[in-house]
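Residue strings, one per chain:
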Amino acid sequence: MAEADTKAAAANSSGWVVEALYTYPVKSCQGVALDESLVGETGLVYDRLWMVINSKTGRFVTQRQVPQLALVSVEIDQKHGTLELSAPNMETALRLPLHPQKTKHLGERIKVRVWYDDVIGRCCGDDASAWFTQFTGKPARLLYKDPDEHRLVSRYLPKKGSCETPPKSGFADVFPFHITTRQSLQDVNSRVPRPLTHQHFRPNIVLAAADNASDQDCPAYDEESWKRIEFAADDGQESWDMFVTSRTPRCTMPNVDLETGTMHSDGEPMRTLRTFRLSDPGKPNFVCFGMQAAPQRIGQNIRVGQTVAVVERGYHSLTEPL
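Residues numbered from 1 in each chain as written. Predicted model: local features only at pLDDT ≥ 70, side-chain atom pairs only at ≥ 80, totals over all residues. Heavy atoms only, no water.

1. Section: the confidence of the model for the protein
Line of reasoning, step 1. Mean pLDDT over the protein works out to 93, with 95% of the residues at or above the 70 mark.
Line of reasoning, step 2. Every residue in residues 1-12 scores below 50 in pLDDT, and together they form 13 contacts with partners more than four places removed in sequence or on other chains. (pLDDT = per-residue confidence, 0-100. Contact = heavy atoms within 4.5 Å.)

Okay, structure coming up:
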């Protein structure tokens, strides 16, 4: 389909609204719901700026290897400038500076591989290492993304020059934003044996049909045809675009029981998802749910309740590793 046709086909697709926003300060730990956030160069505020690694192997650790990370709750305390982590059976909370670069709490530089990228982190100190080692029962260190190092996204980029600032990410798998929709989750929950929440898929932005939109306007998995969406002018700021770049292949993390921090032994929901979510033509054996995305510009705010329009549609295919 020609570019003019994709834009024309999307012209009336304005029935979406931001239903929820989530930031995940520590990769694979619990998220924090936000009413509003600055759109920064690595995503929503504080998103995946911290990450746990195995101190012996140097590899990053997620719920895939340590599912009990799902039990680590995270609180952002803006008043005191701290990030507070707590978990079951841990007598004390772990408090970290929200802006360690400003308070000179940046420790040793450590290079870690995050999928296909080498990323520089800074050690958060012995107390943080001891806390995560005790909780996980494995040798651990906590890293903070080095603010002086930039991790540029290198795959599935929008057309050159489309973004005012080249897409960057912290310790996220690839892109700075992950989008899901309420309609798609509802369809998934009509098929899987146990109900799932958005937290099983860890989106930053959850969209839902606006009150005046019909089911035909906002069907499940509509997001898989989006190439560019527009966030409406809001609260004195101009409208702005986000490029939707690829589907999100899923690992086994949706199989984690978020209440117990253990993997379901029956392989669900991934077993059922494999029966109907092998949706990407380039990677036909990958379960996909949600879309990766990058903002056209940064520095503006995004908020719950903001109207979103689909302004361009097109084809997605994972032709190389995400």
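2. Here we look at the environment of Ala93
Line of reasoning, step 1. Mapped onto the elements of the fold, Ala93 is located in the loop between β6 (82-86) and β7 (94-97).
Line of reasoning, step 2. Taking the C-alpha atoms as reference, Ala93 lies 8.7 Å from Trp131; in sequence the two are 38 residues apart. (Helix = DSSP H or I, 4+ residues; strand = E, 2+ residues; numbered from the N terminus.)

3. A look at the packing of aromatic side chains
Line of reasoning, step 1. A complete count under the given rule lists 7 aromatic pairs for this structure.
Line of reasoning, step 2. Relative to Phe135, the ring of Trp131 lies with its centre 6.1 Å away and its plane at 25°, an arrangement referred to as stacked. Placement of both Trp131 and Phe135 in helix α2 (residues 126-136) is noted, with a separation of 4 residues, approximately one turn of the helix. Across the pair, exposure class does not vary: Trp131 and Phe135 are buried alike.
Line of reasoning, step 3. Note on Phe231 and Trp240: the rings are 4.3 Å apart at their centroids and 5° apart in plane angle, and the pair reads as stacked.
Line of reasoning, step 4. With relative accessibility at 1%, the residue Trp240 sits in the buried group.
Line of reasoning, step 5. Among the aromatic side chains, those forming a connected cluster through ring pairs are Trp131, Phe132 and Phe135.
Line of reasoning, step 6. Lying over the aromatic face of Phe276, Arg191 brings its terminal NZ or CZ to 4.4 Å of the ring centre.
Line of reasoning, step 7. Looking at Arg277, its charged tip hangs above the ring of Tyr221, at a distance of 4.0 Å from the centre. (Phe/Tyr/Trp six-rings, centres within 6.5 Å; stacked < 30°, edge-to-face > 60°. Buried < 20%, exposed > 50% of the residue type's maximum accessible area, 1.4 Å probe, protein only. Lys NZ or Arg CZ within 6 Å of the ring centre and 35° of its normal.)

4. Observations regarding the sheet that holds β7
Line of reasoning, step 1. Here we have 3 strands laid out as an open sheet, ordered β5-β6-β7, and antiparallel in their pairing. Of all the strands in the sheet, just β5 (73-77) and β7 have a single pairing partner and so form its edges. When strand polarity is set aside, the average angle formed by the axes of neighbouring strands in this sheet is 20°.
Line of reasoning, step 2. Here β6 runs beside β7; their pairing, made up of 4 bridges, is antiparallel. Each bridged residue has a counterpart across the sheet, and for Leu85 the counterpart in β7 is Leu94.
Line of reasoning, step 3. Taken strand by strand, α2 contacts β6 and β7, and its axis lies near 145° from that of β7. (Pairing = 2+ DSSP bridges. Axes fitted to C-alpha atoms, helices over the stretch in contact; angles between N-to-C directions.)

5. With respect to the sheet that holds strand β8 (residues 109-114)
Line of reasoning, step 1. The sheet built from 4 strands is open, its strands ordered β4-β10-β9-β8 with antiparallel pairing. With partners counted over all chains shown, the strands left at the sheet margins are β4 (50-54) and β8, one partner each. Strand-to-strand twist of the sheet, defined as the mean angle between neighbouring strand axes without regard to direction, takes the value 50°.
Line of reasoning, step 2. Sheet topology note: the β4/strand β10 (residues 140-145) ladder contains 5 bridges and is antiparallel. Paired with Val52 across the strands is Leu142, a residue of β10.
Line of reasoning, step 3. Helix-sheet contacts for α2 involve β4 and β10, and the interaxial angle to β10 is about 130°.

6. So, the pairing of strand β17 (residues 288-295)
Line of reasoning, step 1. Burial runs high along β17: 8 of the 8 residues are buried.
Line of reasoning, step 2. Alignment of strand β11 (residues 177-181) against β17, held across 3 bridges, turns out to be antiparallel. Note that in β17 the partner of Phe177 across the bridge is Ala293.
Line of reasoning, step 3. The sheet contact formed by strand β14 (residues 240-249) and β17 spans 6 bridges and is antiparallel. Within β17, the residue paired with Pro249 across the bridge is Cys288.

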